[in-house]
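# Summary of the model geometry
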Amino acid sequence: MALDFEHLVSDSPQAGVSLARKEEIIEAMRPCVKTHALLYALEDTTPYECDGLTAYRTRPLCVVLPETHQEVQAVLKTCHAHGIPVVARGAGTGLSGGAMPHAQGVLLSLAKFNRILDVNPQSRTARVECGVRNLAISQAVAQHGLYYAPDPSSQIACTIGGNVAENSGGVHCLKYGLTLHNVLSIKGYTIEGEAVSFGSETLDAEGLDWLPLVVGSEGMLAVTLEVTVKLTPSPQIARCIMASFATLQDAGHAVAQIIAQGIIPAGLEMMDQAMTQAAERFVHAGYDLNAAAILLCESDGTVEEVQEEIVHMKAVLGECGATQLAVSQNEAERLRFWSGRKNAFPASGQLSPDYMCMDSTIPRKRLADMLQAITHMQGRYGLRCVNVFHAGDGNLHPLILFDASKPQELALAEAFGAEILETSVQMGGTITGEHGVGVEKLTSMCAQFTEPENDQMRRLKAAFDPLGLLNPGKVIPSLHRCAERGQMIVRGGALPHPELERF
C-alpha cells in the first residue's frame, strides 16, 4: 500500500533528514515488528518526544514497540546495518532527558516487556522483564515476606529497565543501596543484535565484572531486556521520626551527627520550609509549617532493634536542636509521614507552571552550606527553588520553579541549575546522584571531568558501540561543548545551554 510519507512526517523537526531517508528508515523497520507496532504519523510519535524533562523535546522519526526478543534483535540489526540511531525507552519517567528521542532515528519502546518471569523465595531473587514497574516487583513478592528495596519516588510508574539505566535509588537507598547493589544479572542485546549478559546469579561471575559498568550507563552500551534482582526480607516493623528544626544549619548538623554516631537509618530525608509547605498543602501529611527544615528518619528491623534505634536517634536529634519530634505510632501514620516526601515533585506542580529538578551529590556536612548557596542564587536569578534531599547520602533534588512560556525563564533555570551542579563539584561532590546525565548535564560533565577522562569514556562506549548509534548525543560531552564552556568562562558569559548534540 502506498503511503503519503510527506503528509505524515513533513512538518516534523528532523533537520537534515531527506524525505527519501525517512521513507527508507520506516520501510526498513516494517519487517521487524507487527504493523500496529510501527508508529510514524505525527500524532502517534508526539507522545514520545520527551521524558520527564519536558523542557527539551524532539519527535522521533518513528517508534517501534517490539514484543519479543527476536523483534528487538531484528530492530537493532537493521538499525546497525543502515546506520540508524536508536534510543531505548521504558516508562519515560527519567528527569535528565536520557530517553529523549533522536530526530533522525528510531525510538525503541520496551513497554511491552512487562512480565515477572520467575520468583525464587529460597534464593530471594526475581527475574523480570525490563518493562516491569518498580513497585510491581514488591507487590508480587509480598506474599513471600519479601520486597524490592530501591524505591524511587516514581516507583509506581518507573520500570526496572529505566532503573538499571540510571542506577536509581530512593528514600531507602542509604541502608539498602542503589539499583546496582540490588541487581545480580542483566541480559540484553548490543547494537549489532548480539545477545549479551552481565553479572551472575551466583556469588561471582566468570571473567571481568561488567555489571557495575552497565548499571547506570544510560542506554549507551546495550539494550536491557531481562534483570535478575535481589529481594529483601520485609522488616517486622518500621517507625519514622519527623523532626523539626529552626535553622537549616541545625538540620544539616543533625544529619551528619546521626551518621557519625554509627546509625544507618532505613531512610533519612530532608525538606526545606518551602517544600514542606507545598507538600503539606498537597497531601496533608501533618508537617510543621513553621520549621526551617524537617527531617524524616526511619528505623526498620525487629521490634527490639527499632525501639533501641529510635531512642538513639531521638537523643541525637534533640542534642542537635530539634524543636519538635514526632514518632509514628502505627503503619498508617508512618506512611502519612512519608506521603509528603513521596509526593514532593507533584506538589511542586502547584507552585509553578514548570520546574526543573536537579540532581547532584555533596558531602553530608555541606548540606546547610548548599542550601545557603541556593538561597543566594534565587536572588541572582529571580527564580524560586524548593529543596528536598536524600540527606543520608547527600543526594540533592533542588526544584527550580519557572514558566516555560517565558523563554527567558527557561534560560535562567538552565543557568541556575548549572550553577548548582558546579557548586556541588566545588564542595567535593558530583553532578549527579541518581537521575543520570542525559542531555541536561552535558555541559556540567566538562566541570566534573577532564578531557582525558571524557575521552576515556568515549573509548569505552566505542568498544560496545563503534558507530555510536545507541542513545547518541547523551552523557559524554563533545570536545566542542567543553571548549565552548571554557571560552564562556574566560569571557565571563553565561554557560552554553544543554541543547541536544546531534549524531
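Below is a short write-up of the structure. (Residues numbered from 1 in each chain as written. Predicted model: local features only at pLDDT ≥ 70, side-chain atom pairs only at ≥ 80, totals over all residues. Heavy atoms only, no water.)

### Concerning the pattern of salt bridges
The following threshold applies: For this analysis, a salt bridge means a side-chain nitrogen from Lys or Arg found within 4 Å of a carboxyl oxygen belonging to Asp or Glu. Segments assigned H or I by DSSP are reported as helices when at least four residues long, segments assigned E as strands when at least two residues long, and all are numbered from the N terminus. When accessible area is computed with a 1.4 Å probe and restricted to protein chains, residues below 20% of their type maximum are described as buried, those above 50% as exposed, and intermediate ones as partly exposed.
Per the counting criterion, the structure on display carries 21 salt bridges. Among the salt bridges present, the one from Lys175 reaches Asp300, with a minimum N-O distance of 2.7 Å. Taken together, the positions of Lys175 in helix α7 (residues 173-176) and Asp300 in strand β14 (residues 293-301) put the pair 125 residues apart, joining distant regions of the chain. Take Lys175: its relative accessible area is 32%, and that puts it in the partly exposed class. For the salt bridge of Arg380 with Glu419, the shortest nitrogen-to-oxygen distance reads 2.2 Å. Note that Arg380 is positioned in helix α14 (residues 367-381) and Glu419 in helix α15 (residues 407-426), a separation of 39 residues in sequence. Assessed through its relative accessible area of 52%, Arg380 is described here as exposed. Each of the salt bridges in this network shares a partner with another, and the network as a whole consists of Lys34, Glu67, Glu71 and Lys112.

### Points about the state of the cysteines
Spelled out, the test is: We call a pair of cysteine sulfur atoms a disulfide when they lie within 2.5 Å.
If you walk through the whole model with that rule in mind, you get one disulfide. In this model Cys446 forms its disulfide with Cys482; the gap between the sulfur atoms is 2.1 Å. Torsion about the S-S bond of the Cys446 and Cys482 cystine: about -80 degrees, corresponding to left-handed handedness. Of this pair, Cys446 sits in helix α16 (residues 442-448) while Cys482 sits in helix α18 (residues 479-491), and the two are 36 residues apart along the sequence. Of the two residues examined, Cys446 and Cys482, each falls in the buried class. Looking at Cys130, it has no disulfide partner, and the nearest cysteine sulfur is the one in Cys158, 13 Å off. Of the residues examined, Cys130 reaches a relative accessible area of 3% and is grouped as buried. No disulfide involves Cys297; its sulfur sits 7.0 Å from the nearest other cysteine sulfur, which is in Cys240. Assessed through its relative accessible area of 0%, Cys297 is described here as buried.

### Considerations on the pairing of strand β4 (residues 106-109)
For clarity, the threshold we go by: When DSSP finds two or more bridges between a pair of strands, those strands are recorded as paired.
Going residue by residue along β4, you find Val106 and Leu108 tucked away on one face and Leu107 and Ser109 tucked away on the opposite face as well. By the bridge criterion, three bridges tie strand β2 (residues 62-64) to β4 in an arrangement that is parallel. When the bridges of β4 are listed, Cys62 appears paired with Val106. Sheet topology note: the strand β3 (residues 86-89)/β4 ladder contains four bridges and is parallel. Each residue of the ladder has a partner; that of Arg89, found in β4, is Ser109.

### Comments concerning the nonpolar core
Cut-off, in case you're wondering: Throughout, nonpolar core names a set of buried Ala, Val, Leu, Ile, Met, Phe, Trp, Tyr and Cys residues whose side chains join them through atoms within 4.5 Å. Contacts are assigned to residue pairs with any non-hydrogen atoms lying within 4.5 Å of each other.
Counting residues in each nonpolar core, the largest one holds 77 residues, and the members touching the most others are Ile186, Val229, Met270, Leu295, Leu317, Ile400 and Phe416. Tallying contributions element by element places α14 first for this core, with seven residues. Each residue touching Ile186, except ones within four places of it in the same chain, is listed here: Val164, Val196, Ser197, Phe198, Leu211, Val214, Val215, Thr224, Glu226 and Val227. Counting 35 residues, the second largest nonpolar core, distinct from the first, contains Val17, Ala37, Val75 and Val106.

### Focus on the sheet that holds strand β5 (residues 116-120)
Within a sheet, each strand pairs with its neighbour through backbone hydrogen bonds, oriented either parallel or antiparallel. To keep things clear, this is the line we draw: For helices, the axis comes from a line fit to the C-alpha atoms of the stretch in contact; other axes are also lines fit to C-alpha atoms, and the angle between any two N-to-C directions lies between 0 and 180 degrees.
Judged by pairing direction, the sheet is antiparallel, and its five strands sit side by side in the order β5-β6-β10-β8-β9 without closing on themselves. The strands lining the two open edges of the sheet, one partner per strand, are β5 and β9 (195-199). Going from strand to strand, the sheet's axes swing by 10 degrees on average, the running direction of each strand aside. In this sheet, strand β10 (residues 223-230) lies alongside strand β6 (residues 125-129) in antiparallel orientation, the contact comprising five bridges. Note on β10: the bridge partner recorded for Ala126 is Val229.

### Here we look at the environment of Ser299
Where we set the bar: Definition of a polar contact: a pair of N or O atoms within 3.5 Å, with one able to donate and the other able to accept a hydrogen when the atoms are protein atoms, and with sequence-neighbouring residues admitted only if both atoms are side-chain atoms.
Inspection of the secondary structure puts Ser299 in strand β14. Aside from chain neighbours lying at most four places away, what touches Ser299 is Ile237, Ala238, Arg239, Glu305, Val306, Glu309, Ile310 and Met313. Reaching out from Ser299, the side chain makes a polar contact with the side chain of Glu309 at a distance of 2.7 Å.

### Points about unusual backbone geometry
Unusually for a residue other than glycine, Glu218 sits at a positive phi of about 60 degrees. With relative accessibility at 8%, the residue Glu218 sits in the buried group. Despite not being glycine, Val475 shows a phi value in the positive range, around 70 degrees. By the element assignment, Val475 lies in the loop between α17 (451-464) and α18.

### Quick word on the layout of surface pockets
To find the voids left in a structure, one rolls a probe of water-molecule size over its atoms. Heads up, the condition is: Cavities and pockets are found on a 1 Å grid laid over the protein atoms alone: a cavity is a set of points where a 1.4 Å probe fits but cannot escape, a pocket is an open set with protein on both sides within 12 Å along at least five of seven lines, and a lining residue has an atom within 4 Å of such a point. Grid points are joined across faces, edges and corners, and a volume is the space filled by probe spheres set on the points.
Roughly 830 Å³ of volume is contained in the largest pocket. In this structure, the largest pocket is lined by 46 residues; those nearest its centre are Thr93, Gly94, Gly162, Asn163 and Glu166. Sort the elements by how many residues they give to the lining of the largest pocket and helix α6 (residues 160-166) lands first, with six residues.

### A few points about the side chain of Thr228
The topology assignment puts Thr228 in strand β10. Overall, the relative accessible area of 4% leaves Thr228 in the buried class. Separated by 3.3 Å, the side chains of Thr228 and Glu201 make a polar contact. Discounting residues that sit within four places of it in the chain, Thr228 has contacts with Thr125, Ala126, Arg127, Val183, Leu184, Ser185 and Glu201.

Function cannot be inferred from these measures alone, as they are strictly geometric.
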